[in-house]
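# Close look at the chain arrangement
Residue-level listing of the chains:
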Amino acid sequence: MMLNSDQTEIDLPPSHSETESVFSDCGGGGGRGAGVEEAGSIGLCAQARLAEPGEALKKDLQHLSREERRRRRRATAKYRTAHATRERIRVEAFNMAFAELRKLLPTLPPDKKLSKIEILRLAICYISYLNHVLDV
């Protein structure tokens, strides 16, 4: 453990030395033969080296709520670009549907530009007119 210029040895717990802190996580203690007891088992450092890189991230995210995990996942650039692509496709399909509906509606002049709300209102009026024609 490295100390900053404003930290002193007094900040450390009394039985905690620098060499112990470096080797304690890996099973190598302060004395000879400390690692012999764990020869058959895998120490924490070996487990960390064997684990997949994404597992550390998964363990960090496990303590978070479902909503917080979702919020963090949506904050990634990959997610945002995928979402933007899906949204663009959805809007294009929406606009194409309005263009197809617009072609079916009679207006004067025929190439008059209509807003989406005007297209919907005109479609409602045209459908009611066609129903009236069929009823008569």
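Each remark here, short or long, concerns the structure printed above.
Criteria and thresholds
Residues numbered from 1 in each chain as written. Predicted model: local features only at pLDDT ≥ 70, side-chain atom pairs only at ≥ 80, totals over all residues. Heavy atoms only, no water. Helix = DSSP H or I, 4+ residues; strand = E, 2+ residues; numbered from the N terminus. Buried < 20%, exposed > 50% of the residue type's maximum accessible area, 1.4 Å probe, protein only. Contact = heavy atoms within 4.5 Å. Areas by Shrake-Rupley, 256 points an atom, 1.4 Å probe, with all protein chains shown as cover. Salt bridge = Lys/Arg side-chain N within 4 Å of Asp/Glu carboxyl O. Axes fitted to C-alpha atoms, helices over the stretch in contact; angles between N-to-C directions. Parallel < 35°, antiparallel > 145°, perpendicular 65-115°, else oblique. Left-handed = near helix turned anticlockwise from the far one by under 90°. Nonpolar A, V, L, I, M, F, W, Y, C, P; charged D, E, K, R; others polar. Phe/Tyr/Trp six-rings, centres within 6.5 Å; stacked < 30°, edge-to-face > 60°. Lys, Arg positive; Asp, Glu negative; His and termini not counted. Polar contact = N/O pair within 3.5 Å; in protein donor to acceptor, adjacent residues only side chain to side chain. Patch = residues over 30% accessible without salt bridge, like charges linked within 9 Å, V, L, I, M, F, W, Y side chains within 5 Å. Charge placed at Lys NZ, Arg CZ, Asp CG, Glu CD.

This paragraph deals with the overall build of the chain. Across its full length, the chain carries six helices and zero strands. N-terminal to C-terminal, the α/β element order of the chain is α-α-α-α-α-α. Across the 136 residues in the chain, those meeting the buried criterion constitute 10%. Excluding contacts between residues fewer than 6 apart, the proportion of contacts in the chain whose partners are at least 24 apart in sequence is 0%. As displayed, the chain has an accessible area near 11,900 Å², and 59% of this comes from carbon and sulfur atoms.

Inspection of every chain in the model, using the stated rule, returns four salt bridges. The partner of Glu68 in a salt bridge is Arg72, and the shortest N-O contact between them spans 3.3 Å. Of the two residues, Glu68 and Arg72 are both situated in helix α4 (residues 66–74); the distance of four residues between them amounts to about one turn of the helix. By relative accessible area, which is 23% here, Glu68 ends up partly exposed. Connected through shared salt-bridge partners, Glu68, Arg71 and Arg72 make up one network.

This brings us to the packing of helix α5 (residues 77–104) against helix α6 (residues 116–135). Packing of α5 against α6 leaves a shortest axis separation of 10 Å and a crossing angle of 45°. Overall, the two elements α5 and α6 adopt an arrangement that is oblique. As α5 runs across α6, the sense of the crossing is left-handed. Taking contact as the criterion, the partners of Phe94, Asn95, Phe98, Leu101, Arg102 and Leu104 in α5 are, on α6, Lys116, Ile119, Leu120, Ala123 and Tyr126. Its residues placed into classes, the contact of α5 with α6 shows eight nonpolar, one polar and two charged.

Evaluation of the coordinates by the stated rule reveals two aromatic pairs. A centroid spacing of 5.0 Å and a plane angle of 70° characterise the contact between Phe94 and Phe98, whose relative ring orientation is edge-to-face. Of this pair, Phe94 and Phe98 both sit in helix α5, four residues apart, which is roughly one turn of that helix. Overall, the relative accessible area of 11% leaves Phe98 in the buried class.

Note that Arg102 resides in helix α5. Despite its burial, Arg102 remains without a salt bridge, the nearest opposite charge being carried by Asp111 at 6.6 Å. Side-chain polar atoms of Arg102 contact the side chain of Thr107, separated by 2.9 Å. The contacts of Arg102, once residues within four sequence positions are left out, are Thr107, Pro109, Pro110, Asp111, Lys112, Leu114 and Ile119.

Quick look at a positive patch on the surface now. Together, Arg66, Arg69, Arg70, Arg73 and Arg74 line one region of the surface with positive charge. Here Arg66 lies in helix α4.

Judged by side-chain polarity, Tyr129, Leu130 and Val133 come together as a nonpolar surface patch covering roughly 280 Å² of accessible area. Considering the arrangement of structural elements, one finds Val133 in helix α6. Residue Val133 is classed as partly exposed on the basis of its relative accessible area, which comes to 43%.

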